[in-house]
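Given next are the chains, with one letter for each unit.
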Amino acid sequence: GVEAATGEVTFKEAKEKWVSSFERDYIVALLKKNSGNISHAAREADIDRKYFRKLMRKYGVDAYAAGDDEGDE
């Protein structure tokens, strides 16, 4: 974004922020698609279930809330 172009944010910082945003959005979308089923979501992502759970913890994502369209994000 503009911050990166103006030098206020380093490339590394901007990349980490973008990757974090992508990871969280990706796991939430997979959990929604799989009705909160972590095993199915991890299988679809082709990543280990334990790593998927680690990402969920990292971003404070709850499987039941993510799987429920009424839940908060």
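Up top is the structure these notes are about.
Each chain carries its own residue numbering, running from 1 in the written order of its sequence. Where local features are concerned, this predicted model is filtered to residues with pLDDT of at least 70; where side-chain atom pairs are given and counted, the filter is 80 or more; whole-chain, interface and lining totals use all residues. To get the side-chain values, all heavy atoms of the structure are used, and hydrogens and water are removed first.

(A) Broad picture of the overall build of the protein. Assigned secondary structure in the protein consists of 5 helices and 0 strands. A run of H or I in DSSP counts as a helix once it spans at least four residues, and a run of E counts as a strand once it spans at least two, with each numbered from the N terminus. Each helix and strand of the protein, ordered N terminal to C terminal, gives the series α-α-α-α-α. For each residue, the accessible area found with a 1.4 Å probe, counting protein chains only, is set against the maximum for its type, and the residue is called buried under 20%, exposed over 50%, and partly exposed in between. A buried classification covers 25% of the 73 residues belonging to the protein. Contacts are residue-level and defined by heavy atoms, with any inter-residue pair within 4.5 Å sufficient. When contacts within the protein are restricted to residue pairs at least 6 apart in sequence, long-range pairs at least 24 apart make up 50% of them.

(B) The arrangement of the pattern of salt bridges in detail. When a carboxyl oxygen of Asp or Glu lies within 4 Å of a side-chain nitrogen of Lys or Arg, that pair is called a salt bridge. Summed over the entire model, instances satisfying the criterion amount to 2 salt bridges. Glu23 is the partner of Lys58 in a salt bridge, and the nearest nitrogen-oxygen pair spans 3.7 Å. Linking Lys58 in helix 4 (residues 49-59) with Glu23 in helix 2 (residues 11-33), this pair joins segments that are 35 residues apart in sequence. Owing to a relative accessible area of 56%, Lys58 belongs among the exposed residues under this scheme. By relative accessible area, Glu23 is classed as buried at 16%. Here Glu44 makes a salt bridge to Lys33, at a shortest N to O gap of 2.7 Å. Of this pair, Glu44 sits in helix 3 (residues 38-45) while Lys33 sits in helix 2, and the two are 11 residues apart along the sequence. When its relative accessible area of 59% is taken as the criterion, Lys33 is described as exposed.

(C) Structural view of unusual backbone geometry. Not every positive phi belongs to a glycine, and Ser35 is a case in point at roughly 50°. Mapped onto the elements, Ser35 comes out in the loop between helix 2 and helix 3. Overall, the relative accessible area of 61% leaves Ser35 in the exposed class. Unusually for a residue other than glycine, Asp46 sits at a positive phi of about 60°. In this structure, Asp46 sits in the loop between helix 3 and helix 4. Here Asp46 falls in the exposed class, since its relative accessible area comes to 69%.

Take it as geometry only, folks, not as evidence of what the structure does.
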